[in-house]
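# Architecture and fold: a report
Each chain is listed here by its residues.
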Amino acid sequence: MAKETIPLLVIRNLHVSADEREILRGVDLEVRAGEVHAIMGPNGSGKSTLAQVLAGRDLYNITEGEVLYEGKNLLDKKPEERAREGLFLAFQYPVEIPGVSNMYFLRAALNAVRKHRGLEELDAFDFLQRVNEKMKLVAIDPAMKERPVNAGFSGGEKKRNEILQMAVLEPKLAVLDETDSGLDIDALRVVADGINSMRSPQRAIVLVTHYQRLLDYVVPDYVHVLLNGKIVRSGEKQLALELEERGYGWIEGEAANGAAAEGTKGKVAECRT
Amino acid sequence: MPDVMEQQDLYLSGFREQKERLARQEPAWLHRMRQEAIERFAELGFPTTHQEEWKYTNVAPLAKIPFQLSAPEEACSRCSRLSESARAPGMDSPGIRLVFYNGCYCADLSSLSDLPSSVRAGSLAESVQGRSSLLEAHLARYADYRSHPFIALNTAFWRDGAFIRIPSGVVLQHPIHLVYISAAAEVPVVSFPRTLILAERDSQLTVMESYLGLPGGVCFSNAVSEIVLGENAVVDHYKLALENEQSYHLDTLQVYQDRSSNFKSCSLALGGSLVRNEVNVVLDAEGCDCTLNGLYIAMDHQLVDNRTMVDHARPHGTSRQLYHGILGDSGTGVFNGRIVVRPNAQKTDAVQRNRNLLLSEDAVIDTKPQLEIFANDVRCTHGATIGQLDPESLFYLCSRGIGLEEARQLLIDAFAGAILERIRPAPMRSRVEETLHAMLWQGRHAEEAL
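To keep things clear, this report deals only with the structure shown in the data block.

The next subject is the side chain of threonine 308 of chain B. Residue and element names in this part refer to chain B. As for its position among the elements, threonine 308 is in strand E16 (residues 303-312). On the basis of relative accessibility, which here comes to 2%, the residue threonine 308 falls in the buried class. Residues within four places of threonine 308 in sequence aside, it is in contact with Val279, Leu292, Gln321, Tyr323, Phe335, Asn336, Gly337, Arg338 and Gln352.

Another point: helix H4 (residues 124-137) of chain A. Structurally, the α-helix is built with 3.6 residues per turn, so residues lying three or four positions apart point the same way. All names here are of chain A. Look at H4: 20 Å from first C-alpha to last across 14 residues, which is about the 20 Å you get at 1.5 Å a residue. All of the buried residues along H4 are Phe127, Arg130, Val131, Lys134 and Met135. One side of H4 carries all its buried residues, which in axial view fall inside an arc of 140°. Exposed side of H4, more than 90 degrees from the buried face: Phe125, Glu133 and Lys136 are the residues found there.

This part is about the interface of chain B and chain A. Between chain B and chain A, the contact holds 18 residues from the first and 30 residues from the second. Buried area between chain B and chain A, both sides added, is near 1,800 Å², and the carbon and sulfur share of it is 68%. Of all residues in chain B, Phe395, Tyr396 and Arg400 of chain B give up the largest surface area on contact with chain A, accounting jointly for 43% of the area buried on that side. Counting across the chain B and chain A interface gives two salt bridges. Taken together, chain B and chain A are joined by 10 residue pairs in polar contact (both at pLDDT 80 or more). Counting residues per element, the ones that place at least two in the side of chain B that touches chain A are helix H8 (391-398) and helix H9 (404-420) of chain B. A per-class count over the side of chain B that touches chain A returns 10 nonpolar, four polar and four charged.

Our next topic: the nonpolar core. Core analysis: the biggest nonpolar cluster contains 131 residues, and Ile11, Leu14, Leu173, Leu176, Ile195 and Leu207 of chain A together with Leu295 of chain B have the highest contact counts within it. Counting residues per element, this core draws most heavily on H9 of chain B, at nine residues. Setting aside chain neighbours within four positions, we find leucine 295 of chain B in contact with Ser267, Leu268, Ala269, His324, Ile326, Ala416, Ile419, Leu420 and Leu436 of chain B. Grouped together as the second largest cluster of nonpolar side chains are 47 residues, Ile164, Ile176, Ile197 and Val304 of chain B included.

Conventions we followed
Sequence positions are assigned chain by chain, starting from 1 and proceeding in written order. Following the order in which they are written, the chains are lettered starting with A and the ligands numbered starting with 1. With pLDDT at 70 or above as the cut-off, local features in this predicted model cover only qualifying residues; side-chain atom pairs require 80 or more to be listed or tallied, and sums for whole chains, interfaces and linings still use all residues. Calculated side-chain values reflect all of the structure's heavy atoms, with hydrogen atoms and water omitted. Each helix corresponds to a stretch of at least 4 residues labelled H or I by DSSP, and each strand to a stretch of at least 2 residues labelled E; elements are numbered beginning at the N terminus. Residue exposure (1.4 Å probe, protein chains only): buried if accessible area is under 20% of the type maximum, exposed if over 50%, otherwise partly exposed. It only takes one pair of heavy atoms within 4.5 Å for two residues to be counted as in contact. Here the expected span of a helix is defined as 1.5 Å times the quantity of residues minus one. Arc definition: directions from the helix axis to the C-beta atoms. Joining two parts hides part of their accessible area as seen by a 1.4 Å probe, and the buried area is that hidden amount summed over both. The salt bridge criterion pairs a side-chain nitrogen of Lys or Arg with a carboxyl oxygen of Asp or Glu, the two atoms within 4 Å. Whenever two N or O atoms come within 3.5 Å, that pair is a polar contact, provided that in protein one can donate a hydrogen and the other can accept it, and provided that, for residues adjacent in sequence, both atoms are side-chain atoms. Under this grouping Gly is polar, as are all residues other than the nonpolar Ala, Val, Leu, Ile, Met, Phe, Trp, Tyr, Cys and Pro and the charged Asp, Glu, Lys and Arg. As used in this record, nonpolar core signifies buried Ala, Val, Leu, Ile, Met, Phe, Trp, Tyr and Cys residues forming a set joined through side-chain atoms within 4.5 Å.

So, in structure tokens, the structure goes:
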């Protein structure tokens, strides 16, 4: 076997609860640079919790398990440290921040990340050049630059703004939480093009999604089904089509007897070799 | 420790001492007015927290301080020590400027070269000697010294202040900056700045009143400003309270609006141990437009009390109020916004908003809207919010790599920015932004270092 590099992200037996209620019940996942993973699941399966926990949201209790990012413990790092080390979460519901201009925000973010990486801070001119280039990618109206962060943006504008931030910050691991939800087909294509342009051998992308539709445009290497806080099945892109056709019911049936989860782990391992 | 009653006597005997001199120097109408005002003060006394209007603001500590009613001659000799580079924002800027030191006009520090010849702007005390009839018709005719003890005190004791008159149709290009400086050493000093602004028909004016305390002793600036807007007059008013951390500032801005006039005010209360801003506007003719904005900041043990009273007396008036408060440490904020719509004032459109950001467990805000509506075809809304920094917003900023402290600053600046962006003259806005930034962030760091 060829010498394996360390996976970018390793999640082992992750248990997470909120308000005394267990939401994640032993999630296992490995993501390597260059891969695109899709995590699918019905409402309430724990998809967004997983995404938020990775980004460092403090609403949750991690009761068991571990998360390694580039081989190091991710969970004891602050959200800003995670971001500076290359983790990016595109929010399902981007937050409106009146009074802070989009560009001021983005420049502060980029410079915080650059500083951490030992790079020089960008001045206003270089920064704008870089943003203008990325804005074309996501077809964002240049007037949005000076508007306050997400304030008064339409749903589609907010999602595109998340993709713009990702494009500017150039993370190593991008977790996109339902970035496709609520988009019309034109906006979906723009967002998908933005994501595809970010695919690179150095970067991993995790798409958390409710619908198979996005996967027509961004073809994942692996698809995982999250059900009741556990990944119960993993496969390649055909799995998404199967889910689209048959719904989650048949997996729920299989998961109930417990064998499915074991089987899928093996399957992913096969895919990788 | 002398009690409040004795100190009230101190003001009364102080008045008696200068009475003879003032009677010789000033016109009879003014002297009668002062006499009446001090009599009213004797009857009213210092307010107590049992009075609804003063429920949250205890002036007993202030009333107990034996202030020196500083003599003008002394003040003038002192003000020569004050360099142009004093920390007063705007002192270094070009434009029209009247500077007062402990209530005394300083010609040396003032700058009137950009003033058009048709416009009158200068010392109120000098103007009283010259055009007495105009002043007699307006001075103290709006700010009610008969019912308000601090207006009464100011009316009895004011030595000087600014008088501005913009004649009909004149549009003043440059803002006029009134700078009231308070300074004290070992002995606490009280001053009584007095401002009268007459903006006649179709005139336009931007004016800023700055109340600035030099570091050091205890000062009390008890200010009264009256602004009268003629038909179609437009006045943009800014007020900056930046007294030192031991000092007191009580101020009443009384505005009278004639038909279709437009008054805007932005009150910035940034410094002082106790600051109280009262803004009273009477929309006394049809179609008046009034905007009152404010930003108040109380850190340490500061108390900032804002009172607004918008009196819609005639139909088709519009008023907008937006006040933002930032309260940290053991700071206390008060917002009491009163809107009265008289029976005749149909089609009134009045909106009042007050938002408060609490940055610590010990910070306090008392916010109280008071709507008294006696007309039936009006639109009046009000709302008050009190909150901490939004955790969702903080997480969003941090998730992009911005550190928690910087994220907090960004959100606080944005909250203040919602008011500061309403300051129209750009140099004024950036000076206030700089002052605020230094106060909020450099002051904060100093405390953290302790």
